[in-house]
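# Structure assessment
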Amino acid sequence: MDAIIALNTRRSIRQYAPRPVPRPLLEKALAAASQAPTARNLQPWEFVVVLEKERLRKIAAYTDNGRFIATAAACIAFLCQDTKYYLEDGVGAVVNCLNALHALGLGACWVAGDKKPYCSAILQMLHAPANMKLVALVACGFPQGATPVQTKRALATMMHWDNFTVPG
């Protein structure tokens, strides 16, 4: 899939077909995640791919807006070492992964991590080292049902040249 088409057509998918995702597809998406820009090229990220159904249910139960993780084929936990720019670096990896998953024919949805009250419980469940931060969770699988249609703001309402001016 062309990169621009993937960027323009990716949507959050919260309903998944009950079938596993082949590991090579997950590996391709995480290879794309690992190519994200990173401050000082630290690459502070680690990716924990959860496939086990009971673990998926436990992760879903911890979250406040990610109950659908329980029915996903996989959930990728994006962890970063606690560096100065861990959040920016980690988010870049998440976005690359979301777009790659879509380009590979999978559906995915980003569930907040950083600063959520459940972060420490999930990190502990994943046996993450103490210096790691949970940046995000990404549920994924083959989409079930129609892709949601979302209206996006017109570019002209958000784009400004040389300074911030209210379009008029």
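All values reported here derive from a predicted model rather than from experimental measurement.

### What to know about the nonpolar core
Core analysis: the biggest nonpolar cluster contains 28 residues, and Val 21, Phe 78, Cys 97, Leu 101, Val 138 and Cys 140 have the highest contact counts within it. Taken together, the elements giving at least two residues each to this core come down to helix H2 (23–33), strand S2 (74–81), helix H4 (86–103) and strand S4 (132–141). In this structure Phe 78 touches Leu 30, Ala 33, Glu 46, Phe 47, Ala 93, Val 94, Cys 97, Lys 133, Leu 134, Val 135, Ala 136 and Val 138, once residues within four positions along its chain are discounted. Listed in part, the 24 residues of the second largest apolar core include Ala 72, Ala 77, Tyr 118 and Met 132.

### Remarks on the packing of H2 against H4
The geometry of H2 relative to H4 is characterised by a closest axis approach of 7 Å and an angle of 140° between their N-to-C directions. Like other packed secondary-structure pairs, H2 and H4 cross with a definite hand, here right-handed. Residues Leu 26, Ala 29, Leu 30, Ala 32 and Ala 33 of H2 touch H4, and the partners they reach there are Ala 93, Asn 96, Cys 97, Ala 100 and Leu 101. Its residues assigned to classes, the contact of H2 with H4 comprises 9 nonpolar, 1 polar and no charged.

### Quick notes on the sheet that holds S4
Strand order across the open sheet formed by 4 strands is S1-S2-S4-S3, with antiparallel pairing between neighbours. The open sheet has two free edges, formed respectively by strand S1 (45–50) and strand S3 (107–112), since each of these has just one partner strand. Each strand of the sheet is rotated relative to its neighbour by a mean of 25°, with strand direction disregarded. With 6 bridges connecting them, S3 and S4 associate as antiparallel partners. From the neighbouring strand, Val 111 faces S4, where its bridge partner is Leu 137. Across the sheet, H2 lies against S1, S2 and S4, angled at about 160° from S1, the strand it touches most.

### Quick word on the side chain of Arg 11
Position of Arg 11 among the secondary structure elements: in the loop between helix H1 (3–9) and H2. Within the structure, the side chain of Arg 11 is placed 3.4 Å from the backbone oxygen of Asn 8, a separation counted as a polar contact. The residues contacting Arg 11, other than those within four sequence positions of it, are Ala 108, Thr 147, Pro 148, Gln 150 and Lys 152.

### Notes on the side chain of Asp 114
Within the secondary structure, Asp 114 sits in the loop between S3 and helix H5 (119–125). Take Asp 114: its relative accessible area is 16%, and that puts it in the buried class. In terms of polar contacts, Asp 114 uses its side chain to reach the side chain of Tyr 86, at 2.7 Å. When residues no more than four places from it in sequence are discounted, the contact partners of Asp 114 are Tyr 86, Leu 87, Cys 119, Leu 134 and Val 135.

### Digging into the pattern of salt bridges
Counting across every chain of the model gives 4 salt bridges. One salt bridge in this structure joins Arg 55 and Glu 52, with 3.9 Å as the shortest N-O distance. On the basis of relative accessible area, Glu 52 is assigned to the partly exposed category, the value being 47%.

### Re the packing of aromatic side chains
Tallied over the full model, the rule gives 1 aromatic pair. When the centroid spacing of 5.3 Å and the interplanar angle of 70° are considered together, the rings of Phe 47 and Phe 78 count as edge-to-face. One end of the pair, Phe 47, is in strand S1; the other, Phe 78, is in strand S2, with 31 residues separating them in the sequence. Taking the relative accessible area as the measure of exposure, Phe 47 reaches 24% and is therefore partly exposed. Residue classification places Phe 78 among the buried positions, given a relative accessible area of 2%. Between the NZ or CZ atom of Arg 19 and the centre of the ring of Phe 142, over which it lies, the distance is 3.6 Å.

### With respect to a nonpolar patch on the surface
A cluster of nonpolar side chains, contributed by Leu 155, Met 158, Met 159 and Trp 161, occupies part of the molecular surface with about 460 Å² of accessible area. Within the secondary structure layout, Met 159 lies in the segment after S4.

The rules we used
Residues numbered from 1 in each chain as written. Predicted model: local features only at pLDDT ≥ 70, side-chain atom pairs only at ≥ 80, totals over all residues. Heavy atoms only, no water. Core = buried A, V, L, I, M, F, W, Y, C linked by side-chain atoms within 4.5 Å. Buried < 20%, exposed > 50% of the residue type's maximum accessible area, 1.4 Å probe, protein only. Helix = DSSP H or I, 4+ residues; strand = E, 2+ residues; numbered from the N terminus. Contact = heavy atoms within 4.5 Å. Axes fitted to C-alpha atoms, helices over the stretch in contact; angles between N-to-C directions. Left-handed = near helix turned anticlockwise from the far one by under 90°. Nonpolar A, V, L, I, M, F, W, Y, C, P; charged D, E, K, R; others polar. Pairing = 2+ DSSP bridges. Polar contact = N/O pair within 3.5 Å; in protein donor to acceptor, adjacent residues only side chain to side chain. Salt bridge = Lys/Arg side-chain N within 4 Å of Asp/Glu carboxyl O. Phe/Tyr/Trp six-rings, centres within 6.5 Å; stacked < 30°, edge-to-face > 60°. Lys NZ or Arg CZ within 6 Å of the ring centre and 35° of its normal. Patch = residues over 30% accessible without salt bridge, like charges linked within 9 Å, V, L, I, M, F, W, Y side chains within 5 Å. Areas by Shrake-Rupley, 256 points an atom, 1.4 Å probe, with all protein chains shown as cover.

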